[in-house]
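Commentary on secondary and tertiary structure
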Amino acid sequence: MSRTPEEVATHAPRATDLADLDGAISDCFACPRLVAWREEVAATRRAAFRDQRYWGRPVPGFGPADARIAILGLAPAAHGGNRTGRIFTGDRSGDVLFAALHRAGLANQPTSVALDDGLALRHTRIFAAVRCAPPDNKPTPAERDTCAPWLHRELELVRPSVRVVVALGAFAWAAWWPALARAYGVRPPSPRPRFGHGAHWSGGAAPTVLGCYHVSQQNTFTGRLTPVMLDEVFARAKRLAELD
């Protein structure tokens, strides 16, 4: 169990594989504000899910250990991953994301509603920069930094196979650069590349990183991010990962 930032920094590097890491992440209590929020949401619940038992804990990554594409998100949704226990599962953002992954041949089905729904990813692993649902979907810089060792260790464990990282949104894009140095020993470029949909960076032995607008309702409902735009990003990721 990790109860302080120092304990996270100590425990994360000790994870021997992804299963070990996922278990350690799920037992983290290092950020008091996030712990209080995730547990409050799990206790009060949304009316539509009143009869369900919420996960109410940090949400680990999802996908095979030998993935060639990694998708980096912001944080779990309060009534999505914080409810179901799986990233992007049970919320509108996940509806959009997994439909796109299915169209790309990277998921066996277009929906993600519960842990036991039969969903499986192909060549793809998904994880977040912050593992607990934050109030207003806005982690603080301190919470991001406290959670960073989990991200860094996950990247180290998938390093042998991952060729492309798709960063969903500016927060994930910003979280990538410290992780690049820690997991790959590659000095981040200066100045840092600017985030945008379709942004692209590659360097040395590190994976190529692609920017993609986040699959939030704010983006998808307004047309800022369309299914065609998502399809283009994942088609490009597959080419770069040599999956086509």
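Here the structure is a predicted model, which means the values were calculated and not measured.

1. Things to note about the sheet that holds strand E1 (residues 69-73)
Taken in spatial order, the five strands line up as E2-E1-E3-E5-E4 in an open sheet, and their pairing is mixed. Every other strand in the sheet has two partners, leaving strand E2 (124-128) and strand E4 (200-201) as the edge strands with one partner each. In the sheet, E1 pairs with E2 via five bridges, with the strands oriented parallel. What sits directly across from Ile69, in E2, is Thr124. Running over the sheet, helix H7 (residues 170-184) touches E1, strand E3 (164-168), E4 and strand E5 (208-212) and is turned about 165° from E5.

2. A closer look at helix H2 (residues 18-26)
Here H2 has its buried residues at Leu18, Leu21, Asp22, Ile25 and Ser26. The arc that holds every buried residue of H2, seen down its axis, measures 130°, which confines them to one face. On the buried face of H2, the contacting elements are E2 and helix H6 (141-158). Capping of H2 at its N-terminal end is provided by Asp17; its side-chain oxygen lies 3.3 Å from the backbone amide nitrogen of Ala19.

3. Focus: the packing of aromatic side chains
Inspection of the entire model under this criterion finds five aromatic pairs. With a centroid separation of 5.5 Å and an interplanar angle of 80°, the aromatic rings of Trp173 and Trp177 are classed as edge-to-face. Taken together, the residues Trp173 and Trp177, both in helix H7 and four residues apart, mark about one turn of the helix. Among the aromatic residues, ring-to-ring pairing joins Trp173, Trp177, Phe195, Trp201 and Tyr213 into one connected group. The ring of Phe49 carries the charged tip of Arg83 above its face, separated from the ring centre by 3.7 Å. Cation over ring: Arg224 sits above Tyr213, and NZ or CZ is 3.9 Å from the ring centre.

Conventions and cut-offs
Residues numbered from 1 in each chain as written. Predicted model: local features only at pLDDT ≥ 70, side-chain atom pairs only at ≥ 80, totals over all residues. Heavy atoms only, no water. Pairing = 2+ DSSP bridges. Helix = DSSP H or I, 4+ residues; strand = E, 2+ residues; numbered from the N terminus. Contact = heavy atoms within 4.5 Å. Axes fitted to C-alpha atoms, helices over the stretch in contact; angles between N-to-C directions. Buried < 20%, exposed > 50% of the residue type's maximum accessible area, 1.4 Å probe, protein only. Arc of directions from axis to C-beta. Polar contact = N/O pair within 3.5 Å; in protein donor to acceptor, adjacent residues only side chain to side chain. Phe/Tyr/Trp six-rings, centres within 6.5 Å; stacked < 30°, edge-to-face > 60°. Lys NZ or Arg CZ within 6 Å of the ring centre and 35° of its normal.

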